[in-house]
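Chain residues, written in single-letter form:
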Amino acid sequence: MLTSRCPILTVLISLSSTVAYSQSEPRATYIGATVGGGVAFTPMSPQRLELPNSYLEAKRHDQGLAVDFALFVSMVRKGWVLQPSFFYHNTYSGDVRYGTPGSGGFGFFSFPYTTTAFSVQQMGLGGSVGRVFGAAHEEHLQVLVGSRVGWRIKSLDAPSAPASPSQSEAVRYAIETAHEPLQLQLTGEVGWWGRHWGVSLQGVHGLTSLVRRVELGNTAYPFQVSNTSLMVSLGYRLPLKELLASSPKRTRSQTTE
């Protein structure tokens, strides 16, 4: 009678019973993978950087693309989750403008600038902790928060230094090779999982800068770029017991018996 008059109390009782059920569940370990994509926000500062005979300009809140792939081990204990992972992350920036006298077109349709962009590929290790609301081996809600360290990897199509570059070529090369070798990231994830498949909303925020400076000649110019990615990911996982049960050794021993 009281719960029918107080919907908030009903929700709290239902949530507490769900948590109690997840705590009484036996331990479980899963191995899986996720792949996702979404929007990358790459705010840049300063908005305009004056260079010798040219300039470099970018929007403060520009948007690009983000792609993420991860392999993980998920250990569930009494409703809590510990999840180490190995990941690959690619950030595609928004447009960066650079201008030189007479660049960007010809005749009446000439423009005072040319646009370029950069791509930062990273691989690294991370770890997350969180809660499972429901039974881990059935449909359930999972909330995770954690951190990870990404190391920059060189792209196969990374630009090579031009032999005798013009001013615009030198600026473009400086932008595309200015990424920091190491970055610390904060991660958060809310996902709905079934027995094997799951879908998640994932956020990745760079705690350190993606780019700090660009170097032209023997001079380093401050040009900070941070990154935040918001992505939707699809995942698949298998209980460790199922993997061990289907191993060739186990199958041969059962056949011998």
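Rules used in this analysis
Residues numbered from 1 in each chain as written. Predicted model: local features only at pLDDT ≥ 70, side-chain atom pairs only at ≥ 80, totals over all residues. Heavy atoms only, no water. Helix = DSSP H or I, 4+ residues; strand = E, 2+ residues; numbered from the N terminus. Areas by Shrake-Rupley, 256 points an atom, 1.4 Å probe, with all protein chains shown as cover. Pairing = 2+ DSSP bridges. Axes fitted to C-alpha atoms, helices over the stretch in contact; angles between N-to-C directions. 1 Å grid on protein atoms, 1.4 Å probe; cavity = no way out; pocket = protein on both sides within 12 Å on 5 of 7 lines; lining within 4 Å. Points joined across faces, edges and corners; volume = space filled by probe spheres on them. Nonpolar A, V, L, I, M, F, W, Y, C, P; charged D, E, K, R; others polar. Phe/Tyr/Trp six-rings, centres within 6.5 Å; stacked < 30°, edge-to-face > 60°. Buried < 20%, exposed > 50% of the residue type's maximum accessible area, 1.4 Å probe, protein only. Lys NZ or Arg CZ within 6 Å of the ring centre and 35° of its normal. Core = buried A, V, L, I, M, F, W, Y, C linked by side-chain atoms within 4.5 Å. Contact = heavy atoms within 4.5 Å.

A. Local environment of the overall build of the protein chain. Of the regular secondary structure elements, the protein chain holds five helices and 15 strands. Of the accessible surface of the protein chain, which amounts to about 14,800 Å², a share of 63% is contributed by carbon and sulfur atoms.

B. Fine view of the pairing of strand β5 (residues 63–77). Pairing analysis gives 14 bridges linking strand β1 (residues 28–41) to β5, with the strands arranged antiparallel. If you follow Ile-31 over to β5, its bridge partner there is Val-73. Relative to strand β6 (residues 80–92), β5 runs antiparallel, the two sharing eleven bridges. Each bridged residue has a counterpart across the sheet, and for Val-67 the counterpart in β6 is Asn-90.

C. Quick peek at the sheet that holds strand β12 (residues 197–206). Reading around the circumference, β1-β5-β6-β9-β10-β11-β12-β15 is the order of the eight strands in this closed barrel, with antiparallel pairing throughout. Mean inter-strand twist for the sheet, computed between neighbouring axes without regard to direction, equals 25°.

D. Summary view of the sheet that holds strand β7 (residues 96–99). Within the open sheet, the four strands sit side by side as β3-β4-β7-β8. Their pairing is antiparallel. At either margin of the open sheet sits one strand with a lone partner, and together these are β3 (48–51) and β8 (114–116). Across the sheet, the mean angle from the axis of one strand to that of its neighbour is 20°, orientation sign disregarded. The pairing of β7 with β8 spans three bridges and is antiparallel. In the strand pairing of β8, Arg-97 is matched with Thr-115.

E. Focus on the pairing of β7. As defined by bridge partners, strand β4 (residues 54–58) adjoins β7 across four bridges and the pair is classed as antiparallel. Within the sheet, the bridge partner assigned to Glu-57 lies in β7 and is Arg-97.

F. View of empty space enclosed by the protein. In the structure shown here, the tally under the stated rule is one cavity of 30 Å³ or more. Taken as a whole, the largest cavity spans an internal volume of roughly 230 Å³. As for the largest cavity, its lining consists of 18 residues, and the residues nearest its centre are Gln-83, Ser-85, Ser-128, Glu-189 and Gln-202. Looking at the lining of the largest cavity, the elements with two or more residues in it are β5, β6, β9 (119–133), β10 (140–153) and β11 (182–193). By residue class, the composition of the lining of the largest cavity is four nonpolar, eleven polar and three charged.

G. Unusual backbone geometry, seen in detail. If you check the backbone angles, Lys-78 has positive phi at about 50° while not being a glycine. Summarising the element assignment, Lys-78 is placed in the loop between β5 and β6.

H. Examining the environment of Ser-233 more closely. Here Ser-233 is to be found in strand β15 (residues 228–239). Between the alpha carbons of Ser-233 and Leu-201 there is a distance of 6.5 Å; along the sequence they are 32 residues apart.

I. Quick look at the packing of aromatic side chains. Under the counting rule described, the total for this entry stands at two aromatic pairs. Ring centres of Phe-72 and Trp-193 lie 6.2 Å apart, and the angle between their planes is 75°; this geometry places the pair in the edge-to-face category. Highlighted residues: Phe-72 in strand β5 and Trp-193 in strand β11, separated in sequence by 121 residues. We note that Phe-72, like Trp-193, is buried. Sitting above the plane of the Trp-80 ring, Arg-131 keeps its charged end 4.4 Å from the centroid. It is Arg-237 that lies over the ring of Tyr-30; its NZ or CZ is 3.8 Å from the centre.

J. How the structure looks around the nonpolar core. By size, the foremost hydrophobic cluster in this structure holds 18 residues, and its most contacted members are Leu-49, Leu-56, Phe-118, Val-214 and Phe-223. Mapped by element, the contributors of at least two residues to this core are β3, β4, β7, α3 (167–176), β13 (211–216) and β14 (219–225). Discounting residues that sit within four places of it in the chain, Val-214 has contacts with Leu-49, Leu-56, Ala-174, Ile-175, Ala-178, Thr-219, Ala-220, Tyr-221 and Phe-223. The next biggest cluster of nonpolar side chains, apart from the first, holds seven residues, and it includes Val-76, Val-81, Val-132 and Ala-136.

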